[in-house]
Amino acid sequence: MNNKKVTILTLIGITIMILLTVTKVAPSSKIAGYSVFVGIAFFFITEAAAKTRDSQSGLRFNTIVADLKKPGVIIWLLLPGVSGIVTLVAGNLIFSGAFVNHVMGRTASVLSFDKAALLTVQVIIAAFGEEIAYRGFLLGKGMKLFPFWLCALVSSVVFAAGHIAEGNIGLVAYDVTTIFIDSLIFSVIYHKSGNCVISTFSHILGNTVALVATFVFFR
């Protein structure tokens with residue numbers, strides 16, 4: 001009975017996240033962002049319903065060192081830092097400098113670029129929240145019902161679609177595609193480590209490298 005309850009809760013949470021993200025067919029939609037909060041809420045709801053032990057949770061702080069030592073984790077963790085640079089360089093070459101402006105415009109409503117301390121906190125909180133929602137819940141709990149590859153694909157499509165913004169179609173497509181690729185990397189990290197704290201480290205690293213490179217070389 002308990003397993004059935006957890007399955008139903010997982011499917012409800014995933015469905016709501018997908019439906020909210022679908023509203024991004026109108027790029028100006030504001031409610032798609034609530035998908036993150038839904039994912040966070042259902043992560044903890046399903047963990048409580050399943051009476052998940054700390055050692056089996058998808059959100060563990062006491063096993064960080066051990067999880068980092070798992071095969072391949074460090075290499076995958078570093079990849080978004082590299083992809084962030086490649087994305088910026090290629091994007092600005094392809095779109096004649098417009099890519100950075102697009103990304104800055106897309107994130108201006110949630111990031112305080114003129115306040116370094118606040119920006120740091122925002123980057124950390126945003127990455128942590130997204131990792132709990134998309135890797136801890138949508139991917140991690142989804143994997144208990146479906147194959148990893150399917151959950152990684154669906155969670156990455158939903159994650160990337162949530163970043164759709166108004167702008168040139170080619171520019172938006174490039175932006176969303178690179179986010180989708182990074183999301184797949186985060187999915188592999190979670191799959192290998194079993195801990196969304198580890199994928200959060202990678203997420204923060206990727207975002208930080210991209211932000212620093214933007215202000216140092218592209219602004």
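This report concerns the structure included in the present document. (Residues numbered from 1 in each chain as written. Predicted model: local features only at pLDDT ≥ 70, side-chain atom pairs only at ≥ 80, totals over all residues. Heavy atoms only, no water.)

1. A few points about the layout of surface pockets
Where empty space is left can be seen by rolling a probe of water-molecule size over the atoms.
Phase 1: In this structure, the second largest pocket occupies an estimated 200 Å³ of space.
Phase 2: Lining the second largest pocket are 15 residues; nearest its centre among them are Asn 3, Val 6, Ala 50, Thr 52 and Lys 144.
Phase 3: It is helix 1 (residues 2–22) that contributes the most residues to the lining of the second largest pocket, 5 residues altogether.
Phase 4: Grouping the constituent residues of the lining of the second largest pocket by class yields 3 nonpolar, 7 polar and 5 charged. (1 Å grid on protein atoms, 1.4 Å probe; cavity = no way out; pocket = protein on both sides within 12 Å on 5 of 7 lines; lining within 4 Å. Points joined across faces, edges and corners; volume = space filled by probe spheres on them. Helix = DSSP H or I, 4+ residues; strand = E, 2+ residues; numbered from the N terminus. Nonpolar A, V, L, I, M, F, W, Y, C, P; charged D, E, K, R; others polar.)

2. Topic: the pattern of salt bridges
Phase 1: Tallying each qualifying case throughout the model produces 5 salt bridges.
Phase 2: Across the salt bridge formed by Asp 67 and Arg 60, the nearest N and O atoms sit 3.0 Å from each other. Comparing Asp 67 with Arg 60, the two get one shared label, buried.
Phase 3: Between Arg 106 and Asp 175 there is a salt bridge whose closest N-O contact spans 2.7 Å. Taken as a pair, Arg 106 in helix 5 (residues 98–107) and Asp 175 in helix 8 (residues 169–193) lie far apart in primary sequence, 69 residues in all.
Phase 4: Residue classification places Asp 175 among the buried positions, given a relative accessible area of 2%. (Salt bridge = Lys/Arg side-chain N within 4 Å of Asp/Glu carboxyl O. Buried < 20%, exposed > 50% of the residue type's maximum accessible area, 1.4 Å probe, protein only.)

3. Some points on the packing of helix 5 against helix 8
Phase 1: At a minimum axis distance of 10 Å, the contact between helix 5 and helix 8 shows a crossing angle of 70 degrees. Of the possible angle classes, the one that applies to helix 5 and helix 8 is roughly perpendicular. For the pair helix 5 and helix 8, contact is made by Ala 98, Phe 99, His 102, Val 103 and Arg 106 and by Leu 171, Val 172, Tyr 174, Asp 175 and Ile 179, respectively.
Phase 2: Classifying every residue of the contact of helix 5 with helix 8 gives 7 nonpolar, 1 polar and 2 charged. (Axes fitted to C-alpha atoms, helices over the stretch in contact; angles between N-to-C directions. Parallel < 35°, antiparallel > 145°, perpendicular 65-115°, else oblique. Contact = heavy atoms within 4.5 Å.)

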